[in-house]
Amino acid sequence: MSAEQTAALKKVLKPIHLWAIAVGLVISGEYFGWNYGWGVSGTIGFLIATLVVTVMYVTFIFSFTELTTSIPQAGGPFSYAYRAFGWWGGLVAGYATLVEFLVTPPAIAFALGSYTHFLYPNLQVLEVAFACYAIFIVINLLGIKESATFSLVVTLLAVVELLIYIGIVAPHFSYDTFVSEPMPFGWAGVFAALPFAIWFYLAIEGVAMVAEEVEDPKRTISRGYIYGILTLVVLALAVMIFTGGIAPWQQLSGIDYPLPAALGIVLGRDSGLTQLFASLGLFGLIASFHGTVIGYSRQIFALAREGYLPSFLGKVNARFQTPHWALVAGGIAGCLALSLGTTDQVIILAALGAVVMYIISMVALFALRSKEPHLERPFIVPAFPYFPAIALAISVLCLIAIVYYNWKLSLWFFGGLAVVAVIFSLTGRHKKLEVFQHSEEEERHA
(Lines give C-alpha, C1' and ligand atoms only; values in the text may rest on other atoms or scores of the structure.)
Protein backbone atom coordinates (compact mmCIF):
# COMPACT_ATOMS: atom_id res chain seq x y z
CA MET A 1 0.00 0.00 0.00
CA SER A 2 1.36 3.43 -0.97
CA ALA A 3 2.17 6.24 1.42
CA GLU A 4 -0.61 8.22 -0.25
CA GLN A 5 -3.17 5.59 0.77
CA THR A 6 -1.93 5.05 4.32
CA ALA A 7 -1.41 8.71 5.29
CA ALA A 8 -3.94 10.02 7.78
CA LEU A 9 -5.42 13.43 8.41
CA LYS A 10 -3.38 15.43 10.92
CA LYS A 11 -4.85 16.22 14.40
CA VAL A 12 -3.80 19.81 15.11
CA LEU A 13 -6.91 22.01 15.50
CA LYS A 14 -7.73 23.81 18.77
CA PRO A 15 -10.97 25.58 19.92
CA ILE A 16 -9.89 28.93 18.47
CA HIS A 17 -9.34 27.29 15.07
CA LEU A 18 -12.80 25.70 15.21
CA TRP A 19 -14.40 29.03 16.16
CA ALA A 20 -12.64 30.61 13.19
CA ILE A 21 -13.74 27.83 10.82
CA ALA A 22 -17.33 27.93 12.16
CA VAL A 23 -17.65 31.71 11.83
CA GLY A 24 -15.51 31.88 8.72
CA LEU A 25 -17.65 29.28 6.92
CA VAL A 26 -20.73 31.44 7.44
CA ILE A 27 -19.66 35.07 7.71
CA SER A 28 -19.99 35.82 4.00
CA GLY A 29 -23.72 35.31 4.60
CA GLU A 30 -23.65 38.62 6.47
CA TYR A 31 -22.02 40.37 3.51
CA PHE A 32 -24.34 39.33 0.67
CA GLY A 33 -27.15 36.98 -0.32
CA TRP A 34 -29.49 37.52 2.62
CA ASN A 35 -30.72 40.80 1.08
CA TYR A 36 -32.52 38.84 -1.66
CA GLY A 37 -34.92 37.90 1.15
CA TRP A 38 -36.13 41.51 1.26
CA GLY A 39 -37.19 41.18 -2.37
CA VAL A 40 -39.72 38.46 -1.53
CA SER A 41 -40.81 39.51 1.96
CA GLY A 42 -39.93 43.13 2.86
CA THR A 43 -37.99 44.09 5.99
CA ILE A 44 -40.38 42.91 8.73
CA GLY A 45 -41.30 39.77 6.82
CA PHE A 46 -37.64 38.92 6.49
CA LEU A 47 -36.99 39.74 10.15
CA ILE A 48 -39.66 37.21 11.14
CA ALA A 49 -38.15 34.60 8.80
CA THR A 50 -34.69 35.29 10.25
CA LEU A 51 -35.87 34.89 13.84
CA VAL A 52 -37.52 31.55 13.00
CA VAL A 53 -34.35 30.34 11.26
CA THR A 54 -32.20 31.58 14.16
CA VAL A 55 -34.21 29.40 16.57
CA MET A 56 -33.73 26.48 14.18
CA TYR A 57 -29.96 26.93 14.02
CA VAL A 58 -29.45 27.43 17.75
CA THR A 59 -31.38 24.24 18.58
CA PHE A 60 -29.80 22.40 15.65
CA ILE A 61 -26.20 23.27 16.57
CA PHE A 62 -26.65 22.17 20.20
CA SER A 63 -28.15 18.90 18.91
CA PHE A 64 -25.61 18.46 16.11
CA THR A 65 -22.75 18.92 18.58
CA GLU A 66 -23.79 15.72 20.34
CA LEU A 67 -23.44 13.82 17.07
CA THR A 68 -20.13 15.44 16.13
CA THR A 69 -18.46 14.79 19.48
CA SER A 70 -19.81 11.22 19.65
CA ILE A 71 -18.74 10.33 16.09
CA PRO A 72 -15.84 12.68 15.21
CA GLN A 73 -15.35 11.66 11.58
CA ALA A 74 -14.62 13.69 8.45
CA GLY A 75 -17.89 12.59 6.86
CA GLY A 76 -19.90 14.64 9.33
CA PRO A 77 -23.65 14.21 8.63
CA PHE A 78 -22.91 11.33 6.27
CA SER A 79 -21.19 9.41 9.08
CA TYR A 80 -24.09 9.91 11.53
CA ALA A 81 -26.81 8.93 9.05
CA TYR A 82 -24.77 5.96 7.84
CA ARG A 83 -24.33 4.71 11.38
CA ALA A 84 -28.01 5.20 12.18
CA PHE A 85 -29.66 3.94 8.98
CA GLY A 86 -27.06 2.15 6.89
CA TRP A 87 -26.14 2.78 3.27
CA TRP A 88 -29.34 4.58 2.27
CA GLY A 89 -29.06 7.05 5.17
CA GLY A 90 -25.45 7.72 4.24
CA LEU A 91 -26.48 8.21 0.63
CA VAL A 92 -29.15 10.81 1.42
CA ALA A 93 -27.02 12.73 3.94
CA GLY A 94 -23.88 12.54 1.79
CA TYR A 95 -25.70 13.71 -1.33
CA ALA A 96 -27.42 16.61 0.46
CA THR A 97 -24.22 17.74 2.19
CA LEU A 98 -22.19 17.46 -0.99
CA VAL A 99 -24.71 19.57 -2.92
CA GLU A 100 -24.64 22.20 -0.17
CA PHE A 101 -20.85 22.41 -0.03
CA LEU A 102 -20.30 22.22 -3.78
CA VAL A 103 -22.78 24.95 -4.74
CA THR A 104 -22.00 27.35 -1.88
CA PRO A 105 -18.40 28.15 -2.97
CA PRO A 106 -19.47 29.26 -6.50
CA ALA A 107 -21.97 31.73 -4.96
CA ILE A 108 -19.25 33.16 -2.72
CA ALA A 109 -16.72 33.21 -5.55
CA PHE A 110 -19.22 35.14 -7.69
CA ALA A 111 -19.72 37.63 -4.83
CA LEU A 112 -15.93 37.98 -4.52
CA GLY A 113 -15.85 38.78 -8.20
CA SER A 114 -18.69 41.31 -7.80
CA TYR A 115 -17.01 43.07 -4.86
CA THR A 116 -13.72 43.22 -6.76
CA HIS A 117 -15.47 44.53 -9.89
CA PHE A 118 -17.15 47.19 -7.70
CA LEU A 119 -13.66 48.36 -6.71
CA TYR A 120 -11.82 47.73 -9.96
CA PRO A 121 -14.24 47.78 -12.94
CA ASN A 122 -11.54 46.51 -15.29
CA LEU A 123 -11.50 43.14 -13.51
CA GLN A 124 -14.25 40.82 -14.73
CA VAL A 125 -16.41 38.95 -12.22
CA LEU A 126 -15.86 35.43 -13.58
CA GLU A 127 -12.11 35.93 -14.02
CA VAL A 128 -11.78 36.81 -10.32
CA ALA A 129 -14.03 33.90 -9.32
CA PHE A 130 -11.95 31.35 -11.23
CA ALA A 131 -8.75 32.81 -9.79
CA CYS A 132 -10.16 32.39 -6.27
CA TYR A 133 -10.62 28.66 -6.84
CA ALA A 134 -7.05 28.24 -8.07
CA ILE A 135 -5.54 30.23 -5.18
CA PHE A 136 -7.51 28.61 -2.36
CA ILE A 137 -7.13 25.07 -3.61
CA VAL A 138 -3.37 25.63 -3.43
CA ILE A 139 -3.63 27.10 0.10
CA ASN A 140 -5.67 24.10 1.27
CA LEU A 141 -3.24 21.66 -0.30
CA LEU A 142 -0.47 22.93 1.99
CA GLY A 143 -1.98 21.50 5.20
CA ILE A 144 -4.92 21.86 7.58
CA LYS A 145 -3.00 23.77 10.27
CA GLU A 146 -1.82 26.32 7.74
CA SER A 147 -5.35 26.54 6.33
CA ALA A 148 -6.89 26.95 9.79
CA THR A 149 -4.39 29.68 10.74
CA PHE A 150 -5.22 31.55 7.56
CA SER A 151 -8.93 31.11 8.35
CA LEU A 152 -8.40 32.52 11.86
CA VAL A 153 -6.70 35.67 10.56
CA VAL A 154 -9.25 36.50 7.85
CA THR A 155 -12.21 35.63 10.12
CA LEU A 156 -11.00 37.98 12.86
CA LEU A 157 -10.56 40.73 10.26
CA ALA A 158 -14.05 40.05 8.88
CA VAL A 159 -15.68 40.19 12.34
CA VAL A 160 -13.89 43.43 13.21
CA GLU A 161 -14.95 44.91 9.88
CA LEU A 162 -18.62 44.06 10.45
CA LEU A 163 -18.46 45.68 13.89
CA ILE A 164 -16.97 48.83 12.30
CA TYR A 165 -19.71 48.77 9.63
CA ILE A 166 -22.41 48.52 12.30
CA GLY A 167 -20.80 51.42 14.17
CA ILE A 168 -20.80 53.60 11.04
CA VAL A 169 -24.40 52.93 9.88
CA ALA A 170 -26.12 52.68 13.30
CA PRO A 171 -26.31 56.49 13.82
CA HIS A 172 -28.04 56.79 10.41
CA PHE A 173 -30.65 54.11 11.17
CA SER A 174 -34.22 55.26 10.54
CA TYR A 175 -37.11 53.30 12.05
CA ASP A 176 -39.51 54.81 9.52
CA THR A 177 -37.33 53.59 6.67
CA PHE A 178 -37.08 50.11 8.20
CA VAL A 179 -40.87 49.69 8.48
CA SER A 180 -41.66 51.18 5.07
CA GLU A 181 -43.60 48.49 3.17
CA PRO A 182 -42.69 45.97 5.90
CA MET A 183 -44.60 42.91 4.58
CA PRO A 184 -45.70 43.64 0.99
CA PHE A 185 -46.29 39.96 0.25
CA GLY A 186 -47.87 39.02 3.58
CA TRP A 187 -47.12 35.76 5.34
CA ALA A 188 -46.47 34.04 2.01
CA GLY A 189 -43.42 36.28 1.69
CA VAL A 190 -42.13 35.11 5.08
CA PHE A 191 -42.12 31.51 3.85
CA ALA A 192 -40.53 32.48 0.53
CA ALA A 193 -37.75 34.29 2.44
CA LEU A 194 -36.71 31.29 4.55
CA PRO A 195 -33.87 30.08 2.26
CA PHE A 196 -32.33 33.57 2.31
CA ALA A 197 -32.55 33.67 6.11
CA ILE A 198 -30.82 30.27 6.15
CA TRP A 199 -27.96 31.90 4.21
CA PHE A 200 -27.12 33.87 7.39
CA TYR A 201 -26.01 30.61 9.07
CA LEU A 202 -25.66 28.06 6.29
CA ALA A 203 -22.53 25.85 6.41
CA ILE A 204 -21.71 26.26 10.12
CA GLU A 205 -22.17 22.50 10.34
CA GLY A 206 -19.05 22.23 8.16
CA VAL A 207 -17.01 22.19 11.38
CA ALA A 208 -17.96 18.51 11.55
CA MET A 209 -15.92 17.89 8.39
CA VAL A 210 -12.65 18.62 10.20
CA ALA A 211 -13.51 16.52 13.28
CA GLU A 212 -10.74 14.01 12.49
CA GLU A 213 -8.21 16.85 12.50
CA VAL A 214 -9.07 18.21 15.97
CA GLU A 215 -6.98 17.81 19.10
CA ASP A 216 -9.19 16.30 21.83
CA PRO A 217 -12.38 16.45 19.70
CA LYS A 218 -14.68 15.36 22.55
CA ARG A 219 -14.03 18.65 24.38
CA THR A 220 -12.89 21.00 21.65
CA ILE A 221 -15.71 20.65 19.11
CA SER A 222 -18.52 21.74 21.43
CA ARG A 223 -16.68 24.97 22.32
CA GLY A 224 -16.03 25.84 18.68
CA TYR A 225 -19.66 25.27 17.70
CA ILE A 226 -21.28 27.14 20.60
CA TYR A 227 -19.02 30.20 20.48
CA GLY A 228 -19.43 30.24 16.70
CA ILE A 229 -23.25 30.22 16.65
CA LEU A 230 -23.47 32.90 19.34
CA THR A 231 -21.12 35.17 17.36
CA LEU A 232 -23.14 34.68 14.18
CA VAL A 233 -26.54 35.35 15.77
CA VAL A 234 -25.38 38.76 17.03
CA LEU A 235 -23.75 39.74 13.72
CA ALA A 236 -26.62 38.53 11.51
CA LEU A 237 -29.37 40.38 13.37
CA ALA A 238 -27.34 43.57 13.76
CA VAL A 239 -26.27 43.75 10.10
CA MET A 240 -29.75 43.01 8.77
CA ILE A 241 -31.62 45.44 11.03
CA PHE A 242 -29.24 48.40 10.75
CA THR A 243 -28.86 48.02 6.98
CA GLY A 244 -32.65 47.93 6.61
CA GLY A 245 -32.92 51.37 8.19
CA ILE A 246 -30.47 53.07 5.82
CA ALA A 247 -32.52 53.11 2.61
CA PRO A 248 -35.74 51.57 1.23
CA TRP A 249 -35.17 47.84 0.94
CA GLN A 250 -35.95 47.92 -2.78
CA GLN A 251 -32.62 49.68 -3.41
CA LEU A 252 -30.54 46.91 -1.83
CA SER A 253 -32.53 43.71 -2.38
CA GLY A 254 -31.14 42.66 -5.75
CA ILE A 255 -27.36 43.22 -5.60
CA ASP A 256 -24.37 41.15 -4.48
CA TYR A 257 -22.71 43.96 -2.48
CA PRO A 258 -25.40 45.43 -0.16
CA LEU A 259 -23.04 46.61 2.58
CA PRO A 260 -20.75 48.77 0.41
CA ALA A 261 -23.91 50.06 -1.30
CA ALA A 262 -25.40 51.00 2.09
CA LEU A 263 -22.18 52.77 3.06
CA GLY A 264 -22.23 54.53 -0.29
CA ILE A 265 -25.68 55.89 0.60
CA VAL A 266 -24.49 57.05 4.04
CA LEU A 267 -21.03 58.37 3.16
CA GLY A 268 -21.09 58.71 -0.62
CA ARG A 269 -19.92 56.13 -3.14
CA ASP A 270 -16.63 57.91 -3.74
CA SER A 271 -15.86 58.23 -0.02
CA GLY A 272 -12.54 56.78 1.05
CA LEU A 273 -14.30 54.86 3.83
CA THR A 274 -16.73 53.30 1.35
CA GLN A 275 -13.87 52.18 -0.88
CA LEU A 276 -11.89 50.94 2.12
CA PHE A 277 -14.83 48.92 3.42
CA ALA A 278 -15.45 47.32 0.04
CA SER A 279 -11.76 46.34 -0.02
CA LEU A 280 -11.85 44.94 3.51
CA GLY A 281 -15.20 43.28 2.79
CA LEU A 282 -13.28 40.79 0.74
CA PHE A 283 -11.98 39.30 4.03
CA GLY A 284 -15.44 38.02 4.99
CA LEU A 285 -16.00 36.48 1.59
CA ILE A 286 -12.50 35.01 1.57
CA ALA A 287 -13.03 33.45 5.01
CA SER A 288 -16.23 31.73 3.89
CA PHE A 289 -14.86 30.66 0.53
CA HIS A 290 -11.80 29.19 2.23
CA GLY A 291 -13.96 27.37 4.80
CA THR A 292 -16.31 25.88 2.23
CA VAL A 293 -13.35 24.61 0.22
CA ILE A 294 -12.23 22.76 3.36
CA GLY A 295 -15.81 21.49 3.79
CA TYR A 296 -16.38 20.13 0.29
CA SER A 297 -12.96 18.48 0.17
CA ARG A 298 -13.51 16.60 3.44
CA GLN A 299 -17.00 15.50 2.39
CA ILE A 300 -15.74 14.18 -0.95
CA PHE A 301 -12.84 12.49 0.86
CA ALA A 302 -15.16 10.79 3.38
CA LEU A 303 -17.67 9.64 0.75
CA ALA A 304 -14.86 8.20 -1.39
CA ARG A 305 -13.28 6.47 1.61
CA GLU A 306 -16.57 4.71 2.35
CA GLY A 307 -17.14 3.63 -1.27
CA TYR A 308 -19.74 6.19 -2.38
CA LEU A 309 -17.36 7.96 -4.79
CA PRO A 310 -14.33 6.74 -6.79
CA SER A 311 -11.62 5.54 -4.40
CA PHE A 312 -8.86 7.85 -5.68
CA LEU A 313 -10.82 10.81 -4.23
CA GLY A 314 -10.32 9.29 -0.78
CA LYS A 315 -6.53 9.44 -0.90
CA VAL A 316 -4.44 11.73 1.30
CA ASN A 317 -1.27 13.44 0.14
CA ALA A 318 1.66 11.80 1.96
CA ARG A 319 3.58 15.06 2.39
CA PHE A 320 0.90 17.57 3.34
CA GLN A 321 -1.69 15.13 4.74
CA THR A 322 -4.52 16.79 2.84
CA PRO A 323 -7.09 15.15 0.49
CA HIS A 324 -5.60 16.61 -2.68
CA TRP A 325 -7.73 14.81 -5.29
CA ALA A 326 -10.92 15.77 -3.42
CA LEU A 327 -9.83 19.41 -3.38
CA VAL A 328 -9.18 19.45 -7.12
CA ALA A 329 -12.36 17.53 -8.07
CA GLY A 330 -14.58 19.86 -6.05
CA GLY A 331 -12.86 22.87 -7.57
CA ILE A 332 -13.58 21.62 -11.09
CA ALA A 333 -17.24 21.07 -10.20
CA GLY A 334 -17.44 24.56 -8.67
CA CYS A 335 -15.96 26.24 -11.73
CA LEU A 336 -18.53 24.50 -13.92
CA ALA A 337 -21.33 25.63 -11.59
CA LEU A 338 -20.21 29.28 -11.77
CA SER A 339 -21.74 29.71 -15.22
CA LEU A 340 -24.97 27.74 -14.63
CA GLY A 341 -27.07 29.91 -12.32
CA THR A 342 -27.69 33.24 -10.63
CA THR A 343 -26.68 33.94 -7.04
CA ASP A 344 -30.24 33.67 -5.69
CA GLN A 345 -30.76 30.30 -7.40
CA VAL A 346 -27.48 28.95 -6.01
CA ILE A 347 -28.45 30.12 -2.50
CA ILE A 348 -31.80 28.34 -2.76
CA LEU A 349 -30.15 25.12 -3.96
CA ALA A 350 -27.58 25.26 -1.14
CA ALA A 351 -30.36 25.86 1.40
CA LEU A 352 -32.29 22.90 -0.01
CA GLY A 353 -29.31 20.59 0.45
CA ALA A 354 -28.76 21.98 3.94
CA VAL A 355 -32.30 21.45 5.26
CA VAL A 356 -32.46 17.91 3.89
CA MET A 357 -29.21 17.21 5.73
CA TYR A 358 -30.52 18.86 8.92
CA ILE A 359 -33.63 16.69 8.81
CA ILE A 360 -31.82 13.39 8.42
CA SER A 361 -29.22 14.42 11.03
CA MET A 362 -31.89 15.14 13.65
CA VAL A 363 -33.69 11.88 12.84
CA ALA A 364 -30.33 10.10 13.14
CA LEU A 365 -29.83 11.68 16.58
CA PHE A 366 -33.12 10.18 17.80
CA ALA A 367 -32.33 6.84 16.13
CA LEU A 368 -28.86 6.59 17.69
CA ARG A 369 -30.23 7.45 21.15
CA SER A 370 -32.45 4.39 20.77
CA LYS A 371 -30.09 2.12 18.81
CA GLU A 372 -26.87 2.87 20.71
CA PRO A 373 -27.83 4.05 24.22
CA HIS A 374 -24.33 3.24 25.53
CA LEU A 375 -22.47 5.23 22.87
CA GLU A 376 -20.04 7.64 24.55
CA ARG A 377 -21.58 11.12 24.30
CA PRO A 378 -19.07 13.72 25.60
CA PHE A 379 -21.62 16.47 24.91
CA ILE A 380 -25.31 15.89 25.66
CA VAL A 381 -27.81 18.12 23.90
CA PRO A 382 -29.67 20.25 26.49
CA ALA A 383 -33.44 19.92 26.86
CA PHE A 384 -33.59 16.62 24.99
CA PRO A 385 -35.87 15.78 23.16
CA TYR A 386 -37.16 19.34 22.73
CA PHE A 387 -34.11 20.95 21.10
CA PRO A 388 -33.70 18.35 18.31
CA ALA A 389 -37.49 18.20 17.88
CA ILE A 390 -37.68 21.98 17.38
CA ALA A 391 -34.76 21.90 14.93
CA LEU A 392 -36.41 19.02 13.05
CA ALA A 393 -39.84 20.69 12.89
CA ILE A 394 -38.51 24.03 11.60
CA SER A 395 -36.25 22.23 9.10
CA VAL A 396 -39.28 20.39 7.71
CA LEU A 397 -41.16 23.71 7.51
CA CYS A 398 -38.23 25.26 5.61
CA LEU A 399 -38.08 22.29 3.24
CA ILE A 400 -41.79 22.59 2.43
CA ALA A 401 -41.45 26.32 1.82
CA ILE A 402 -38.37 25.94 -0.41
CA VAL A 403 -39.98 23.20 -2.51
CA TYR A 404 -43.29 25.10 -2.81
CA TYR A 405 -41.69 28.32 -4.04
CA ASN A 406 -38.86 26.73 -6.04
CA TRP A 407 -40.30 23.53 -7.46
CA LYS A 408 -38.09 23.45 -10.59
CA LEU A 409 -34.85 23.64 -8.61
CA SER A 410 -36.27 21.12 -6.14
CA LEU A 411 -37.07 18.78 -9.02
CA TRP A 412 -33.43 18.93 -10.13
CA PHE A 413 -32.23 18.30 -6.58
CA PHE A 414 -34.44 15.30 -5.81
CA GLY A 415 -34.12 14.01 -9.38
CA GLY A 416 -30.36 13.90 -8.88
CA LEU A 417 -30.79 11.98 -5.63
CA ALA A 418 -33.08 9.48 -7.36
CA VAL A 419 -30.57 8.96 -10.19
CA VAL A 420 -27.74 8.34 -7.72
CA ALA A 421 -29.90 5.86 -5.75
CA VAL A 422 -30.80 3.97 -8.95
CA ILE A 423 -27.13 3.78 -9.98
CA PHE A 424 -26.25 2.37 -6.55
CA SER A 425 -28.97 -0.25 -6.80
CA LEU A 426 -28.19 -1.30 -10.39
CA THR A 427 -24.45 -1.60 -9.77
CA GLY A 428 -24.94 -3.54 -6.54
CA ARG A 429 -22.71 -1.09 -4.68
CA HIS A 430 -25.23 -0.86 -1.85
CA LYS A 431 -24.76 -4.58 -1.12
CA LYS A 432 -21.01 -4.10 -0.63
CA LEU A 433 -21.77 -1.23 1.72
CA GLU A 434 -24.24 -3.37 3.69
CA VAL A 435 -21.55 -6.03 4.17
CA PHE A 436 -19.08 -3.36 5.29
CA GLN A 437 -21.64 -1.88 7.70
CA HIS A 438 -22.35 -5.29 9.28
CA SER A 439 -18.62 -5.88 9.84
CA GLU A 440 -18.31 -2.42 11.47
CA GLU A 441 -21.23 -3.15 13.80
CA GLU A 442 -19.71 -6.50 14.78
CA GLU A 443 -16.43 -4.74 15.64
CA ARG A 444 -18.24 -2.18 17.82
CA HIS A 445 -20.09 -4.91 19.72
CA ALA A 446 -17.04 -7.15 20.07
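Just above, that's the structure.
Just so it is clear, the model here is predicted, and its values are computed rather than measured.

Asks: How would you sum up the overall build of the chain? Please name residues and give values.
Replies: Counting secondary structure elements, the chain contains 19 helices and 0 strands. Within the chain, buried positions represent 59% of all 446 residues. Long-range contacts, defined here as pairs at least 24 residues apart, represent 85% of the contacts in the chain between residues at least 6 apart.

Asks: Any details on the pattern of salt bridges? Residues and values, ideally.
Replies: On inspection of all chains with the given rule, the structure shows 3 salt bridges. Among the ionic pairs, Arg 369 bridges to Glu 66, the shortest N-O distance being 2.9 Å. Residue Arg 369 is located in helix α16 (residues 343-371), and its partner Glu 66 is located in helix α4 (residues 36-70); the two are separated by 303 residues in the primary sequence. The partner of Arg 83 in a salt bridge is Glu 372, with the nearest N and O atoms 2.9 Å apart. A residue pair is termed long-range when its members are at least 10 positions apart, and Arg 83 in helix α5 (residues 77-85) and Glu 372 in the loop between α16 and α17 (386-405) qualify at 289 residues. In terms of burial, Arg 83 and Glu 372 fall into one category: buried. Each of Glu 66, Arg 369 and Arg 377 takes part in a single network of salt bridges with overlapping partners.

Asks: Which residues make up helix α2 (residues 15-26), and what are the values?
Replies: Each full turn of the α-helix corresponds to 3.6 residues, which orients residues three or four apart in the same direction. Here α2 is 12 residues long and its end C-alpha atoms lie 17 Å apart, about the 16 Å a rise of 1.5 Å per residue gives. Of all 12 residues that make up α2, 10 are buried, and the element is covered over most of its length. Regarding α2, the residues found buried are His 17, Leu 18, Trp 19, Ala 20, Ile 21, Ala 22, Val 23, Gly 24, Leu 25 and Val 26.

Asks: Run through a nonpolar patch on the surface, naming residues and quoting values.
Replies: On the surface, a nonpolar cluster with roughly 560 Å² of combined accessible area is contributed by Trp 187, Phe 191, Leu 397, Tyr 404 and Tyr 405. Looking at the nonpolar patch, the elements that each hand over two or more residues are α10 (186-192) and α17. The biggest single contributor to the nonpolar patch is α17, with 3 residues. Counting through the fold element by element, Tyr 405 comes out in helix α17. You can call Tyr 405 partly exposed: its relative accessible area is 35%.

Asks: Can you tell me about the packing of helix α6 (residues 87-119) against helix α18 (residues 407-427), naming the residues and giving the values?
Replies: Across the interface, α6 lies against α18 with an axial gap of 11 Å and an inter-helix angle of 140 degrees. Between α6 and α18, the angle is such that the two are oblique. Classified by chirality, the crossing of α18 by α6 is right-handed. Contacts from Trp 87, Leu 91, Val 92, Tyr 95, Ala 96 and Val 99 of α6 reach α18 at Trp 412, Phe 413, Gly 416, Leu 417, Val 420, Ala 421, Phe 424 and Ser 425.

Asks: Requested: an account of the packing of α2 against helix α12 (residues 217-244), with residues and values cited.
Replies: Between α2 and α12, whose axes approach to 8 Å, the crossing angle comes to 40 degrees. Viewed along their axes, α2 and α12 adopt a mutual orientation that is oblique. Here the hand of the crossing between α2 and α12 comes out right-handed. Every residue of α12 that contacts α2 at Pro 15, Leu 18, Trp 19, Ala 22, Val 23 and Val 26 is listed here: Thr 220, Ile 221, Arg 223, Gly 224, Tyr 227, Gly 228, Thr 231 and Leu 232. Looking at the contact of α2 with α12 residue by residue, the classes come out as 9 nonpolar, 4 polar and 1 charged.

Asks: A description of the nonpolar core should follow, citing residues and the corresponding values.
Replies: Generally speaking, nonpolar side chains in soluble globular proteins are found buried as a group. Counting residues in each nonpolar core, the largest one holds 150 residues, and the members touching the most others are Tyr 57 and Ile 198. Counting residues per element, this core draws most heavily on α16, which supplies 18 residues. Contacts of Tyr 57, omitting those with residues within four sequence positions, involve Ile 198, Tyr 201, Leu 202, Ile 204, Glu 205, Ile 229 and Tyr 358.

Asks: Talk me through the packing of aromatic side chains; I want residue IDs and the actual numbers.
Replies: What characterises a pair of aromatic rings is the spacing of the ring centres plus the angle enclosed by the ring planes. Per the counting criterion, the structure on display carries 26 aromatic pairs. Members of the aromatic cluster, each reached through a chain of ring pairs, are Trp 34, Trp 38, Phe 46, Tyr 57, Phe 60, Phe 64, Tyr 80, Phe 200, Tyr 201, Tyr 225 and Tyr 358. In this structure, Arg 369 packs its charged tip against the face of Phe 384, placed 3.9 Å from the ring centre.

About the thresholds
- In every chain, residue numbers begin from 1 and rise along the written sequence.
- For this predicted model, a pLDDT threshold of at least 70 governs which residues receive local features, and a threshold of 80 or more governs which side-chain atom pairs are given and counted, while totals over whole chains, interfaces and linings are taken from all residues.
- Side-chain measures were taken over the full set of non-hydrogen atoms in the model, leaving aside hydrogen atoms and water.
- Only DSSP runs of H or I with at least four residues qualify as helices, and only runs of E with at least two residues qualify as strands; both kinds are numbered from the N terminus onward.
- With a 1.4 Å probe rolled over the protein chains alone, any residue whose accessible area is under 20% of its type maximum counts as buried; one over 50% counts as exposed, and the rest are partly exposed.
- Contacts are assigned to residue pairs that have any heavy atoms within 4.5 Å of one another.
- We define a salt bridge as a side-chain nitrogen of Lys or Arg found within 4 Å of a carboxyl oxygen belonging to Asp or Glu.
- A helix's residues, less one, multiplied by 1.5 Å, set its expected span.
- Note that patches include only residues with greater than 30% relative accessible area and no salt bridge, and the join distances are 9 Å for like charges and 5 Å for nonpolar side chains (Val, Leu, Ile, Met, Phe, Trp, Tyr).
- Here, Shrake-Rupley sampling with a 1.4 Å probe gives the accessible areas, and only protein chains in the shown set may cover a residue.
- The axes used here are C-alpha line fits, helices contributing only the stretch in contact, and every angle between their N-to-C directions lies in the interval 0 to 180 degrees.
- By the definition adopted for this analysis, an angle is roughly parallel if under 35 degrees, roughly antiparallel if over 145, roughly perpendicular if from 65 to 115, and oblique otherwise.
- Note on convention: the crossing is left-handed when the near helix lies turned anticlockwise from the far helix by less than a right angle, right-handed when the turn is clockwise.
- Three residue categories are used. Nonpolar comprises Ala, Val, Leu, Ile, Met, Phe, Trp, Tyr, Cys and Pro, charged comprises Asp, Glu, Lys and Arg, and polar comprises the others, including Gly.
- Nonpolar cores are built from buried Ala, Val, Leu, Ile, Met, Phe, Trp, Tyr and Cys residues. Side-chain atoms within 4.5 Å join them into one set.
- Side-chain rings of Phe, Tyr and Trp (the six-membered ring for Trp) are treated as a pair once their centres are within 6.5 Å; stacked means planes under 30 degrees apart, edge-to-face means over 60, and tilted covers the remaining angles.
- Comment: the charge-over-ring label is applied if NZ (Lys) or CZ (Arg) is within 6 Å of the ring centre and within 35 degrees of the ring normal.

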